[in-house]
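Now for the letters of each chain:
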Amino acid sequence: MTDVDLDWSALSLGEVTVTEDVFGRVGDAAVPRFTLSNGKVTVQVVGVGAAISAVRVPDRDGREEDVVLGFDSPQGYLSGDNPHFGATVGRVANRLANAAFTLDSKEYRLYANEGKNTLHGGLRGWHQALWSASPHPDGVTFTLHSPDGDEGFPGAVTAQVTYRLTPDSRLLINIQAIASKPTPVSMLNHAYFNLGGHASGAEGVYRTRVVLNADRYTQTDAASIPTGAMPPVEGTAMDLRTPRLLGEVLQAQDFDTNFVVTRGYEQPGDLIYVAGAVHEPSGRTLEVYSDQPGLHFYSCGKMPESPCSASTAPPTAGMEASPWSRSTSRTPSTT
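Residues numbered from 1 in each chain as written. Predicted model: local features only at pLDDT ≥ 70, side-chain atom pairs only at ≥ 80, totals over all residues. Heavy atoms only, no water.

### A few points about the overall build of the protein
At step 1: Scanning the protein for helices and strands turns up 3 helices and 25 strands.
At step 2: In the protein, which comprises 335 residues, the share counted as buried stands at 55%.
At step 3: Split by element, the accessible area of the protein, about 14100 Å² in all, is 49% carbon and sulfur. (Helix = DSSP H or I, 4+ residues; strand = E, 2+ residues; numbered from the N terminus. Buried < 20%, exposed > 50% of the residue type's maximum accessible area, 1.4 Å probe, protein only. Areas by Shrake-Rupley, 256 points an atom, 1.4 Å probe, with all protein chains shown as cover.)

Laid out in structure tokens, this is it:
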């Protein structure tokens, strides 16, 4: 369900290449960076946080821009000021109330890193870990081993995220985890998009139309903890089921919201359309498909107005499929 039309006739359907270089160093460890390219779109991913650091794509006139936020060195990703740019977030993404949970009648206490709650895994979540990497002909797999008791969570977990770029410019993201015993795992990718490119700043976001395939949303309290209610979007500012201009939408509503994806008769594991965006001045478009029940939309109202890195500046918008997911996005194309 979308009025967002894509024109893929201009895409180069060349072979995908994967190259590796050193992004920087953390102590004695070299942090790898992998560049995936199909001759039209270039995606860069790095070993710190298994993060997407750049997605470069041309506009309708062939001018190439990076359309995601990131840092220029590993130190940026390890900084306490890093708002999880492009990272793989875990062990549990989003918030756990009162920094605790009960599993099999046992309470587990966690580190409270956002007020009295735990956000995105705790004091040092997976977004700041150094992941090992195994390249493939069309992408790379990052692996992280989280020991039993890590950040207070039970069970050892082996987590993996695989990025693949296709000749027709789909970025495939497969996230999975295996645990040694019952434990909560809820991973996601935390990419921030500005389809206008870094230089377009706030204006680039405001001139983007967004549509979400979601007829309900997860209601939260003042601390952004879910209440358990999932009211309908109809008749509210949360209704993005038809394409709406963010410059108009954000005047009335800031978003840090999980939306409940509308599903039909799909089978479990099927990828379905969950979101789309069009930056009309450049012609760049984005579509997101996922097999997960939720999509978190963040319009970055809490981001600082100052530049976030040497080459990026907010605001932007984040779309995250959750929990641990198999998803695909058609990397921004031109219409």
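### Quick look at the packing of aromatic side chains
At step 1: For the coordinates displayed, the defined rule picks out 13 aromatic pairs.
At step 2: Consider the rings of Phe85 and Tyr192, whose centres lie 5.2 Å apart with planes at 85 degrees: the pair is edge-to-face. Linking Phe85 in the loop between helix H1 (74-78) and strand E6 (88-89) with Tyr192 in strand E16 (residues 192-193), this pair joins segments that are 107 residues apart in sequence.
At step 3: According to the relative accessible area criterion, Phe85 is buried, its value standing at 0%.
At step 4: Note on Tyr192: relative accessible area 2%, which makes it buried.
At step 5: Taken together, a centroid distance of 5.7 Å and an interplanar angle of 20 degrees make the contact between Phe101 and Phe153 stacked. Taken as a pair, Phe101 in strand E8 (residues 100-103) and Phe153 in the loop between strand E12 (139-146) and strand E13 (157-165) lie far apart in primary sequence, 52 residues in all. The residues Phe101 and Phe153 share a single accessibility class, namely buried. (Phe/Tyr/Trp six-rings, centres within 6.5 Å; stacked < 30°, edge-to-face > 60°.)

### A few points about the environment of Val48
At step 1: Tracing the chain through its elements places Val48 in the loop between strand E3 (42-46) and strand E4 (51-58).
At step 2: Taking C-alpha positions, Val48 is 6.2 Å from Trp131, a pair spaced 83 residues apart along the chain.

### Notes on the confidence of the model for the protein
At step 1: Counting all residues, the mean pLDDT for the protein is 87, and 85% of those residues have values of 70 or more.
At step 2: Low confidence marks residues 321-326, where pLDDT is under 50. Its contacts with residues over four positions away, or in another chain, come to 36 contacts. (pLDDT = per-residue confidence, 0-100. Contact = heavy atoms within 4.5 Å.)

### Quick look at the UniProt feature "binding site: beta-D-galactose" (unreviewed entry) in the protein
At step 1: Mapped onto the present numbering, the UniProt feature "binding site: beta-D-galactose" (unreviewed entry) falls at Asn94, Arg95, His190, Ala191, Tyr192 and Asp256.
At step 2: Take His190: it is sitting in the loop between strand E15 (188-189) and E16.
At step 3: Tracing the chain through its elements places Ala191 in the loop between E15 and E16.
At step 4: Of the residues examined, Ala191 reaches a relative accessible area of 3% and is grouped as buried. (UniProt positions renumbered as here; feature names shortened; annotations may be inferred.)

### Description of the sheet that holds strand E5 (residues 64-66)
At step 1: One open sheet holds the 5 strands; their spatial order is E1-E2-E3-E4-E5, and the pairing between them is antiparallel. Taken across any chain shown, the strands that pair with only one partner, and hence form the sheet edges, are strand E1 (17-26) and E5. The sheet shows a mean angle of 20 degrees between the axes of neighbouring strands, taken without regard to direction.
At step 2: Pairing analysis gives 5 bridges linking E3 to E4, with the strands arranged antiparallel. Each bridged residue has a counterpart across the sheet, and for Val46 the counterpart in E4 is Ala51. (Pairing = 2+ DSSP bridges. Axes fitted to C-alpha atoms, helices over the stretch in contact; angles between N-to-C directions.)

### Remarks on the side chain of His120
At step 1: With respect to the helices and strands, His120 occurs in the loop between strand E10 (118-119) and strand E11 (132-136).
At step 2: In terms of polar contacts, His120 uses its side chain to reach the backbone amide nitrogen of Asn94, at 2.8 Å.
At step 3: Within the structure, the side chain of His120 is placed 3.4 Å from the side chain of His190, a separation counted as a polar contact.
At step 4: Look past the residues within four positions of His120 in its chain and what remains in contact with it is His84, Val89, Gly90, Val92, Ala93, Asn94, Gly125, His127 and His190. (Polar contact = N/O pair within 3.5 Å; in protein donor to acceptor, adjacent residues only side chain to side chain.)

### Notes on the environment of Gly86
At step 1: Considering the arrangement of structural elements, one finds Gly86 in the loop between H1 and E6.
At step 2: Here Gly86 is in contact with Ala50, Ala51, Ile52, Tyr163, Asn189, His190, Ala191 and Tyr192, once residues within four sequence places are set aside.

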